[in-house]
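In case you want the letters, here they are:
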Amino acid sequence: MTEMQIRKMEQADIKAVMGVDQKSFSSPWNEEIFTHEVNENDYAHYFIVETKEKIIGYAGLWIVYEDAQITNIALLEEYRGFKIGEKLFGYVLQYAIQQGAERLSLEVRMSNIVAQNLYHKFGLVPGGIRKKYYTDDNEDALVMWVNLT
């Protein structure tokens, strides 16, 4: 596996991140949303994971007082299975703790067992179901959360 690094997302990263998003999700975000998140939303914190060649994934979270919420996490398919997603998620979790977050939550598709298993590794537990949460196909979302303190 090639060398990689995780760093804060910048405006210049948005086009590449949109490529990851389009390949990862059936309802990808547009440039306007990413630009707002990176440049205008004071609660938003976004990170990219990159090799020497390109951006291969990203993660975002909102931190509002003591609550953190993962907004998205995605990794190009050809880089999955190498524990990169685990490293990225762990990095974001540590960042949230450093920023004073006491709880972290996220929504994940009921069908995304691979992601659910990853979140379980970090201590997240199911907290409820959001019915028909995903607008592209009305799939339910499993809400997962963890106490960080």
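The model shown is predicted, which means the values in this text are computed figures rather than measured ones.

This next bit is on unusual backbone geometry. The phi dihedral of Y65 falls on the positive side, at around 55 degrees, and the residue is not glycine. As for its position among the elements, Y65 is in the loop between β3 (55–64) and β4 (67–75). For Y65, a relative accessible area of 67% gives the class exposed. Even without being a glycine, N138 presents a positive backbone phi close to 60 degrees.

Once that is clear, we can look at the environment of K132. Tracing the sequence through the fold places K132 in the loop between β6 (125–130) and β7 (141–147). The exposed category is assigned to K132, whose relative accessible area is 58%. Not counting chain neighbours up to four residues away, the residues in contact with K132 comprise N138, E139 and D140.

Strand order in the open sheet formed by seven strands is β1-β2-β3-β4-β5-β7-β6, with mixed pairing between adjacent strands. What marks the edges here is a single partner per strand, and that holds for β1 (4–8) and β6. Across the sheet, the mean angle separating the axes of adjacent strands is 25 degrees when strand polarity is ignored.

Time to look at the pattern of salt bridges. All told, the structure shown has 13 salt bridges when counted by the stated rule. For E78, the salt bridge goes to K54, with nearest N and O atoms at 3.6 Å. Of this pair, E78 sits in the loop between β4 and α3 (84–98) while K54 is found in the loop between β2 (44–51) and β3, placing the two residues 24 residues apart along the sequence. The class of K54 is partly exposed, set by a relative accessible area of 36%.

So, how was this worked out
Residues numbered from 1 in each chain as written. Predicted model: local features only at pLDDT ≥ 70, side-chain atom pairs only at ≥ 80, totals over all residues. Heavy atoms only, no water. Helix = DSSP H or I, 4+ residues; strand = E, 2+ residues; numbered from the N terminus. Buried < 20%, exposed > 50% of the residue type's maximum accessible area, 1.4 Å probe, protein only. Contact = heavy atoms within 4.5 Å. Pairing = 2+ DSSP bridges. Axes fitted to C-alpha atoms, helices over the stretch in contact; angles between N-to-C directions. Salt bridge = Lys/Arg side-chain N within 4 Å of Asp/Glu carboxyl O.

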